[in-house]
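Here is how the chains run, residue by residue.
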Amino acid sequence: MMNMIGCHIEDLIIMFIEVPDKDIAMRLVVESSEYVHNLRNDWAEKTAEIIKEDVEFINHVYTHPTEFQIRSIADKAFIIYGPRPEKNCLYIYELYVSPECRGKHYGKALLEHVIKYYKKFYENQHNLPYLKLSVDKNNYNAINFYKLNKFTIDETLDNISYDMVYTGKVSF
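Residues numbered from 1 in each chain as written. Predicted model: local features only at pLDDT ≥ 70, side-chain atom pairs only at ≥ 80, totals over all residues. Heavy atoms only, no water.

1. Description of the overall build of the chain
Stated formally: We count a stretch as a helix when DSSP gives it H or I for four or more residues in a row; a strand needs E for two or more, and each element gets its number in order from the N terminus. Per-residue accessibility, obtained with a 1.4 Å probe over protein chains only, is compared with the maximum for each type, and a residue is labelled buried under 20%, exposed over 50%, and partly exposed between these values. To be clear on the numbers: accessible area is Shrake-Rupley with a 1.4 Å probe, and residue cover counts the displayed protein chains and nothing else.
When you go through the chain residue by residue, the secondary structure sums to five helices and seven strands. Reading the secondary structure of the chain in the N-to-C direction produces α-β-α-α-β-β-β-α-β-α-β-β. By the burial criterion, 42% of the 172 residues in the chain qualify as buried. Surface accessibility of the chain: about 9,600 Å² in total, with carbon and sulfur atoms responsible for 53%.

2. Re the sheet that holds strand 7 (residues 161-166)
Rules: DSSP calls a pair of strands paired once it identifies at least 2 bridges connecting them. Note on definitions: a residue-residue contact is assigned when non-hydrogen atoms from the two residues lie within 4.5 Å. As a rule, the C-alpha atoms of each element are fitted with a line to give its axis, helices using only the stretch in contact, and angles between N-to-C directions run from 0 to 180 degrees.
An order of 1-2-3-4-5-7-6 is seen for the seven strands of this open sheet, with the pairing classed as mixed. A strand with exactly one partner marks an edge of an open sheet, and here the two such strands are strand 1 (17-18) and strand 6 (151-156). Both strand 3 (residues 77-84) and strand 4 (residues 89-97) contribute to a ladder of eight bridges, which runs antiparallel. If you follow Tyr81 over to strand 4, its bridge partner there is Ile92. Against the sheet, helix 5 (residues 140-148) makes contact with strand 4, strand 5 (130-136), strand 6 and strand 7, and its axis sits at roughly 160 degrees relative to strand 5, the strand it touches most.

3. Regarding the packing of aromatic side chains
Cut-off, in case you're wondering: Each Phe, Tyr or Trp ring (for Trp, its six-membered ring) is paired with any other whose centre lies within 6.5 Å, and the angle between the two planes then decides the class: stacked below 30 degrees, edge-to-face above 60, tilted in between.
Applying the stated criterion to the full structure yields 10 aromatic pairs. When the ring of Phe78 is compared with that of Tyr96, the centres are 6.3 Å apart and the planes differ by 50 degrees; the resulting orientation is tilted. Of this pair, Phe78 sits in strand 3 while Tyr96 sits in strand 4, and the two are 18 residues apart along the sequence. The same class applies to Phe78 and to Tyr96, which are both buried. Measuring from centroid to centroid gives 6.4 Å for Tyr118 and Tyr166, while their planes differ by 85 degrees, and the two rings are edge-to-face. Residue Tyr118 is located in helix 4 (residues 106-126), and its partner Tyr166 is located in strand 7; the two are separated by 48 residues in the primary sequence. Residue Tyr118 is classed as buried on the basis of its relative accessible area of 2%. Exposure remark for Tyr166: the relative accessible area of 9% places this residue in the buried category.

4. Examining the environment of Arg27
In this structure, Arg27 sits in helix 2 (residues 22-38). Arg27 gets classed as partly exposed once you look at its relative accessible area, which sits at 38%. Spatially, the C-alpha atoms of Arg27 and Lys76 are 9.8 Å apart, while their sequence positions differ by 49 residues.

Spelled out as structure tokens, the structure:
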């Protein structure tokens, strides 16, 4: 999408990508967990337990900065990614955009940031040929978003989620 001065909106948004404060990351990951768990009736009784695991994961992300990368935009969207050698890939652990910011290209800007990172560092230098993520089977909006951004379903992980793999090319 082009704005009036001829720049892509994603390029303008990407200027605001930063490493979020840990408390903001915690708030966003809890919000993300609650959103996903609202999609699934069978998770209602497990929500508190899963949120606890997500908070532990965020603590792990911040204590292992060489293992994980976390970026956010305006404290309203975030992405967590890092290498997963056992899956032979760079892996997107979380991508979440607050409801009030959906449709405003925050998710696309974060995803493009990771795709460029993947292409520059991993495909050529670290021999991890894939960029992958997992998505809940009931999160149709996320599945469609990823498909529009050149991800395809790679495999069914379980009765709950799909693994998706990036199949596009990035031009610099």
